[in-house]
Amino acid sequence: MNELRAEIEVPWTAGVRVGDLRDPEWERANPVAITRYWSGEPAPPRRHAEARILWSNEALCVRFTCRQGEPLVVSPNPQTQKKTIGLWDRDVCEIYLAPDPNRPERYFELEAAPTGEWLDLAIHHQAELRETDWKFESGMTAAARAEEDSVVIVIRIPWSDSIKKPENGERWRANLFRCVGAGENRGYLAWQPTRTAGPNFHVPQAFGWLFFI
């Protein structure tokens with residue numbers, strides 16, 4: 001699939017088993033390539049990832065399948081009972097969602113790591129200030145599996161008063177990211193590059209679109 005395309009079709013499903021990372025239901029969704037850094041420069045193939053997105057009557061589900069050509073950067077003592085602040089400093093996959101296309105500056109940041117750790121935040125991005133609701137609770141869950149040369153991560157986001165179930169044909173703003181590696185060699189990949197001077201995912205004007213079908 002051409003990663004330059006700024007819209008992702010999100011098929012409806014009667015249900016996908018989030019804990020079953022190989023559930024055939026994922027094949028209903030087209031793979032979305034994540035192959036470039038935030039800057040727009042191509043990332044090496046060993047860092048490429050793809051995402052598939054589905055929605056049901058209960059939740060939005062995202063599966064990232066990542067190539068892993070270098071040592072994992074993960075917590076030696078992971079915990080999954082509550083959100084992990086600072087998860088973005090390690091290997092992680094992320095989706096940013098702005099359900100109101102007229103207000104993309106208000107969005108949700110949802111992350112998961114190869115350890116199954118997770119993080120959910122509500123963001124209000126302004127010109128000189130970014131307000132973050134650190135206590136936001138989406139009810140998200142995550143599942144993950146790390147193998148010798150690949151990582152699979154699934155995020156499930158239930159519909160709620162904050163992230164309401166869309167209507168068929170609705171469009172949301174969104175972006176997908178992957179952080180991988182350590183130190184000076186750390187890579188920040190984006191489905192829709194933000195093209196900032198330094199790594200920065202918080203650029204709502206760069207978000208692409210989700211189209212619920």
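Let me sum up the structure you'll find in this document. Here the structure is a predicted model, which means the values were calculated and not measured.

Some details on the sheet that holds strand β10 (residues 141–146)
Moving on, step 1. Spatially, the five strands line up as an open sheet ordered β2-β4-β5-β11-β10, and their pairing is antiparallel. Sheet topology places β2 (32–34) and β10 at the edges, where each strand pairs with a single neighbour. Looking at each pair of strands side by side, their axes are set apart by 15 degrees on average, direction ignored.
Moving on, step 2. Summarising the sheet, strand β5 (residues 59–67) and strand β11 (residues 150–158) pair through nine bridges and their orientation is antiparallel. By the bridge assignment, A59 is partnered in β11 with P158.

Digging into the nonpolar core
Most often, soluble globular proteins keep nonpolar side chains buried together rather than apart.
Moving on, step 1. In this structure, I53, L60, F64, L97, L176 and L210 are the most contacted members of the largest nonpolar core, which totals 53 residues.
Moving on, step 2. Contact partners of L176, with chain neighbours within four places excluded, come to I8, V32, I34, A51, I53, V62, F64, E94, I95, L189, A190 and W191.
Moving on, step 3. Within the second largest apolar cluster, 11 residues are counted, among which are W26, L54, A59 and C61.

Overview of the pairing of strand β6 (residues 92–98)
Moving on, step 1. Summarising burial for β6: seven of the seven residues are buried, a large majority.
Moving on, step 2. Where burial is concerned, the two faces of β6 agree: the one with V92, E94, Y96 and A98 and the one with C93, I95 and L97 are both buried.
Moving on, step 3. Sheet topology note: the β6/strand β12 (residues 171–180) ladder contains seven bridges and is antiparallel. Directly across from L97, in β12, lies its bridge partner A174.
Moving on, step 4. One ladder, built from five bridges, connects β6 with strand β7 (residues 106–112); its direction is antiparallel. Counterpart to C93 in the pairing with β7 is A112.

A short note on the packing of aromatic side chains
Moving on, step 1. Here the structure, examined in full by the defined rule, presents 12 aromatic pairs.
Moving on, step 2. Joined through ring pairs, the aromatic side chains of W38, Y96, Y107, F177, Y188, F201 and F207 make up one cluster.
Moving on, step 3. For R171, the ring lying beneath its charged end belongs to F211, and the centroid distance is 4.0 Å.
Moving on, step 4. Between the NZ or CZ atom of R173 and the centre of the ring of W209, over which it lies, the distance is 4.7 Å.

Digging into the layout of surface pockets
Moving on, step 1. Put simply, the largest pocket is a space of about 330 Å³.
Moving on, step 2. In terms of lining, the largest pocket is formed by 18 residues, of which the most central are W88, Y96, E109, R130 and H202.
Moving on, step 3. Listed by contribution, the elements that provide at least two residues to the lining of the largest pocket are β6, β7, β8 (118–125) and β9 (130–133).
Moving on, step 4. Of the residues contributing to the lining of the largest pocket, the split by class is nine nonpolar, three polar and six charged.

Here we look at the side chain of T84
Moving on, step 1. When you line up the elements, T84 lands in the loop between β5 and β6.
Moving on, step 2. Setting aside residues no more than four positions away along its own chain, T84 makes contact with Q79, R90, E117, W118 and L119.

Quick notes on the environment of G198
Moving on, step 1. Its place among the elements puts G198 in the loop between β13 (187–190) and β14 (208–212).
Moving on, step 2. In this structure G198 comes out as partly exposed when scored by relative accessible area, which is 28%.
Moving on, step 3. Sequence separation between G198 and S39 is 159 residues, and the spatial gap between their C-alpha atoms is 7.9 Å.

Looking at empty space enclosed by the protein
In this approach, a probe sized like a water molecule rolls over the atoms, and the result shows the empty space that is left.
Moving on, step 1. Within the structure shown, the criterion is met by one cavity of 30 Å³ or more.
Moving on, step 2. What the largest cavity holds in volume is close to 40 Å³.
Moving on, step 3. In this structure, the largest cavity is lined by C66, Q68, L72, D91, V92, C93, P114, V151, I153, R178 and C179.
Moving on, step 4. Here the residues of the lining of the largest cavity are counted per class, giving eight nonpolar, one polar and two charged.

Here we look at unusual backbone geometry
Moving on, step 1. At R195, a residue that is not glycine, the phi angle is positive and equals roughly 55 degrees.
Moving on, step 2. Among the secondary structure elements, R195 is positioned in the loop between β13 and β14.

Rules and cut-offs
Residues numbered from 1 in each chain as written. Predicted model: local features only at pLDDT ≥ 70, side-chain atom pairs only at ≥ 80, totals over all residues. Heavy atoms only, no water. Pairing = 2+ DSSP bridges. Helix = DSSP H or I, 4+ residues; strand = E, 2+ residues; numbered from the N terminus. Axes fitted to C-alpha atoms, helices over the stretch in contact; angles between N-to-C directions. Core = buried A, V, L, I, M, F, W, Y, C linked by side-chain atoms within 4.5 Å. Buried < 20%, exposed > 50% of the residue type's maximum accessible area, 1.4 Å probe, protein only. Contact = heavy atoms within 4.5 Å. Phe/Tyr/Trp six-rings, centres within 6.5 Å; stacked < 30°, edge-to-face > 60°. Lys NZ or Arg CZ within 6 Å of the ring centre and 35° of its normal. 1 Å grid on protein atoms, 1.4 Å probe; cavity = no way out; pocket = protein on both sides within 12 Å on 5 of 7 lines; lining within 4 Å. Points joined across faces, edges and corners; volume = space filled by probe spheres on them. Nonpolar A, V, L, I, M, F, W, Y, C, P; charged D, E, K, R; others polar.

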